[in-house]
Amino acid sequence: MNEHDEIRRIIKAISRLTIGIVMVTGLIVTLLIYYMMDPNVPAITEWLTKTETTNNEDPDKVENGIHVRTGLIEAEGLMSVINNCTNCHSAKLVIQNRMNEERWISTIRWMQRTQNLWDLGDQEEIIVNYLVNNYPPLKKGRRQALSDIQWYKLEN
Ligand code: HEC
């Protein structure tokens, strides 16, 4: 065995070790990302939000018609929405969207098809009514109807 073979052996051993380390690290990172992306595994997010809500004395406080903790409008069906629509994502995602009945329902169907949203059962009607009543589409390009106008007579 000459010196060259010895060096080659060492290089081979080092590259095997490097490949091994890279593979193990890659696996750990992949698992970690996969774990964090799954909304059904709440361990990390739950822990983070728990520390947030413990210093909030009343989680269902309503101020000026707004449910403070979530930012949702206080109205009939609010609790059904909180219980079914704030588990996977923030209520902000609901608030930011304004849709008619058909589109709210198709958004729910889309989440049921692709995001593991459960069957809402008899809550669905309550939730959809809440959404349509409180977050309908904004009418654009149309001024408000005139009201309280004091017309004056033109003199000839
Ligand atoms: C099982 C988990 C889960 C639940 C429960 C859930 N959603 Fe979602 N929802 C998602 C995911 C995931 C997305 C996509 C998030 C993103 O794009 O970042 C989403 C997106 C949305 C969007 C944005 C859709 C768009 O086109 O951008 C709206 C609006 C929404 N959800 C409303 C609701 C309402 C209303 C409820 C209650 C009926 C609800 N969500 C319950 C998982 C859920």
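Quick look at the structure, then.

**Describing unusual backbone geometry**
Then step 1. For Asn64, which is not a glycine, the phi torsion comes out positive at approximately 50°.
Then step 2. Within the fold, Asn64 resides in the loop between strand 1 (62–63) and strand 2 (66–67).
Then step 3. Accessibility expressed as a relative area gives 78% for Asn64, which makes it exposed.
Then step 4. Phi is positive for Asn116, which is not a glycine, with a value near 65°.
Then step 5. Counting through the fold element by element, Asn116 comes out in the loop between helix 5 (101–114) and helix 6 (123–134).

**Quick notes on the coordination of the iron atom of the ligand**
Then step 1. All of the protein donors around the iron atom of the ligand are His89 (NE2) and Met111 (SD); their distances to the metal are 2.0 Å.
Then step 2. The coordination sphere of the iron atom of the ligand comprises six donor atoms, whose angles at the metal cover 86 to 179°; the geometry is octahedral. Here Met111 lies in helix 5 and His89 lies in the loop between helix 3 (78–85) and helix 4 (91–95), a separation of 22 residues in the sequence.
Then step 3. For His89, a relative accessible area of 26% puts it in the partly exposed group.

**Describing the packing of helix 5 against helix 6**
Then step 1. Two numbers describe how helix 5 lies on helix 6: the axes approach to 9 Å, and their chain directions differ by 130°. Taken together, the axes of helix 5 and helix 6 lie oblique to each other. Crossing hand, helix 5 versus helix 6: right-handed. Listed contacts from helix 6 to Glu101, Trp104, Ile105, Ile108, Arg109 and Gln112 of helix 5 are Glu124, Val128, Leu131 and Val132.

**Some points on a nonpolar patch on the surface**
Then step 1. Together, Val29, Ile33 and Met37 make up a nonpolar patch on the protein surface, roughly 290 Å² of accessible area in all.
Then step 2. Summarising the element assignment, Val29 is placed in helix 1 (residues 3–37).
Then step 3. Residue classification places Val29 among the partly exposed positions, given a relative accessible area of 41%.

Conventions used here
Residues numbered from 1 in each chain as written. Predicted model: local features only at pLDDT ≥ 70, side-chain atom pairs only at ≥ 80, totals over all residues. Heavy atoms only, no water. Helix = DSSP H or I, 4+ residues; strand = E, 2+ residues; numbered from the N terminus. Buried < 20%, exposed > 50% of the residue type's maximum accessible area, 1.4 Å probe, protein only. Donors = N, O, S within 2.8 Å, 3.2 Å for Na, K, Ca; no water. Tetrahedral: all angles 85-135°; square planar, octahedral: opposite > 155°, others 65-115°. Axes fitted to C-alpha atoms, helices over the stretch in contact; angles between N-to-C directions. Parallel < 35°, antiparallel > 145°, perpendicular 65-115°, else oblique. Left-handed = near helix turned anticlockwise from the far one by under 90°. Contact = heavy atoms within 4.5 Å. Patch = residues over 30% accessible without salt bridge, like charges linked within 9 Å, V, L, I, M, F, W, Y side chains within 5 Å. Areas by Shrake-Rupley, 256 points an atom, 1.4 Å probe, with all protein chains shown as cover. Salt bridge = Lys/Arg side-chain N within 4 Å of Asp/Glu carboxyl O.

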